[in-house]
Amino acid sequence: MDENQKYGVVTMLVSFLLILLALMISEGWSPQLDYLENFMHLLKIQMIEMKTENAGSIYGLDHSYLIDMQSKYVVLTLLSTAAYGLTTYLGVTPAFRPRKKITGK
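Owing to the predicted nature of the structure, the values given are computational and were not obtained by experimental measurement. (Residues numbered from 1 in each chain as written. Predicted model: local features only at pLDDT ≥ 70, side-chain atom pairs only at ≥ 80, totals over all residues. Heavy atoms only, no water.)

Participant: Help me understand the overall build of the chain in this model?
Facilitator: Counting its regular elements, the chain contains three helices and two strands. Shown N-terminal to C-terminal, the secondary structure of the chain runs as helices and strands in the order α-α-β-β-α. When the 105 residues of the chain are sorted by exposure, 19% land in the buried category. A separation of at least 24 residues holds for 45% of the contacts in the chain among residues at least 6 apart in sequence. As displayed, the chain has an accessible area near 8,300 Å², and 65% of this comes from carbon and sulfur atoms. (Helix = DSSP H or I, 4+ residues; strand = E, 2+ residues; numbered from the N terminus. Buried < 20%, exposed > 50% of the residue type's maximum accessible area, 1.4 Å probe, protein only. Contact = heavy atoms within 4.5 Å. Areas by Shrake-Rupley, 256 points an atom, 1.4 Å probe, with all protein chains shown as cover.)

The following block contains the structure:
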């Protein structure tokens with residue numbers, strides 16, 4: 001395997017592992033719905049809870065999260081990254097490498 005193929009395989013593996021991580025930390029699963037409906041409508045990643053006092057809340061505390069997003073958007077981004085890894089493995093796209101600084105003498 002050449003360097004681009006190795007880069008593509010590593011990119012795909014890391015993307016799929018991050019998809020599994022995103023699904024594991026997601027909240028909001030409903031056993032009454034099937035997997036696709038849960039994934040598209042209910043699963044959210046909510047981390048780092050911030051409690052603020054709010055007079056309009058029933059219990060006096062309003063719960064908000066610093067990171068609050070739908071899991072489907074995270075998975076879509078990671079699937080796009082895995083697709084880039086696949087095309088890099090197949091040789092369609094080049095591997096991403098930062099440009100080296102050209103020093104003039």
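That covers the picture; the talk isn't over yet.
Participant: Explain helix α3 (residues 71-90) here, please?
Facilitator: Residue pairs spaced three or four apart in an α-helix point in one direction, given the helix's 3.6 residues per turn. The terminal C-alpha atoms of α3, which comprises 20 residues, lie 29 Å apart, in line with the 28 Å expected from a rise of 1.5 Å per residue. Among the residues of α3, those classed as buried are Ser-71, Val-74, Val-75, Leu-78, Ala-82, Gly-85 and Thr-88. When α3 is viewed along its axis, its buried side chains cluster within an angular range of 135 degrees and face the same direction. Exposed side of α3, more than 90 degrees from the buried face: Leu-76, Thr-77 and Leu-90 are the residues found there. Positive backbone phi, approximately 90 degrees, marks Gly-91, located one or two places after α3. (Expected span 1.5 Å × (residues − 1). Arc of directions from axis to C-beta.)

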